[in-house]
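Descriptive structure summary
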Amino acid sequence: MKETIKLRAHDKAMAQIHANQLKVRQLEYDIERKNTGVVTLHELEICLNAAKRELKTWNYIMKLIELDYGKHDYVLWLVFGYQRDYDTATAG
């Protein structure tokens, strides 16, 4: 059962990361093209900053889940775009 919870937490974090990545891209696109609709450009920028903070939070949660789940190489590649030796990264 514990592994099922970990897998569900992993999947939830992945889904949230993906959704937030899409939100950030869409907001950046809208700001770049000044597609504001009924909100101001300033309000879109506030939304973008909030979406980026949310993405950072979910990336951190995902890192914790992956480290607990024993898939640290995968999370480093996925979240940070590179792989590194876990023992070296945590030494010191």
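Bear in mind the structure is a predicted one, so any value in this text is a computation, not a measurement.

This part is about the overall build of the protein. Scanning the protein for helices and strands turns up four helices and zero strands. What you see in the protein, going N to C, is helices and strands ordered as α-α-α-α. Within the span of the protein, comprising 92 residues, buried residues form 24% of the whole. Of the contacts formed within the protein by residues at least 6 apart in sequence, a portion of 52% connects residues at least 24 apart. For the protein, the exposed surface amounts to about 6700 Å²; the carbon and sulfur share of it is 56%.

Take the environment of Cys47 next. Along the chain, the position of Cys47 falls in helix α2 (residues 41-69). Expressed as a C-alpha distance, the spacing of Cys47 and Leu27, which sit 20 residues apart in the sequence, is 7.6 Å.

Turning our eyes to something else, we now look at the confidence of the model for the protein. Per-residue pLDDT for the protein has a mean of 81; in total, 74% of the residues score no lower than 70. Looking over the protein, one finds the lowest element-wise mean pLDDT in helix α4 (residues 86-90), namely 41, and the highest in α2, namely 93. Below pLDDT 50 for its whole length, residues 83-92 participates in nine contacts with residues either more than four positions away or in separate chains.

Let us look at the nonpolar core. With 12 residues, the main nonpolar core is built from Ala13, Ile17, Val24, Leu27, Ile31, Leu44, Leu48, Ala51, Leu55, Trp58, Met62 and Ile65. Contributing elements (two or more residues each) for this core: α1 (2-32) and α2. At seven residues, the largest contribution of residues to this core is made by α2. When near neighbours in sequence (up to four residues on either side) are disregarded, Ile65 contacts Lys6, Ala9, His10 and Ala13.

Before going further, it helps to spend a moment on unusual backbone geometry. With glycine set apart, most residues show a phi of negative sign, and most peptide bonds adopt trans. Even without being glycine, Lys34 reaches a positive phi, approximately 55°. A residue is classified by how much of its surface remains accessible, and Lys34, at 59% relative accessible area, is exposed.

Below, the discussion takes up α1. When the terminal C-alpha atoms of α1 are compared, their 45 Å separation across 31 residues agrees well with the 45 Å that a helix rising 1.5 Å per residue should span. If you check which residues of α1 are buried, you get Lys6, His10, Ala13, Ile17, Asn20, Val24, Leu27, Asp30 and Ile31. Looking one or two residues past α1, Lys34 carries a phi angle of roughly 55°, positive in sign.

Definitions and limits used
Residues numbered from 1 in each chain as written. Predicted model: local features only at pLDDT ≥ 70, side-chain atom pairs only at ≥ 80, totals over all residues. Heavy atoms only, no water. Helix = DSSP H or I, 4+ residues; strand = E, 2+ residues; numbered from the N terminus. Buried < 20%, exposed > 50% of the residue type's maximum accessible area, 1.4 Å probe, protein only. Contact = heavy atoms within 4.5 Å. Areas by Shrake-Rupley, 256 points an atom, 1.4 Å probe, with all protein chains shown as cover. pLDDT = per-residue confidence, 0-100. Core = buried A, V, L, I, M, F, W, Y, C linked by side-chain atoms within 4.5 Å. Expected span 1.5 Å × (residues − 1).

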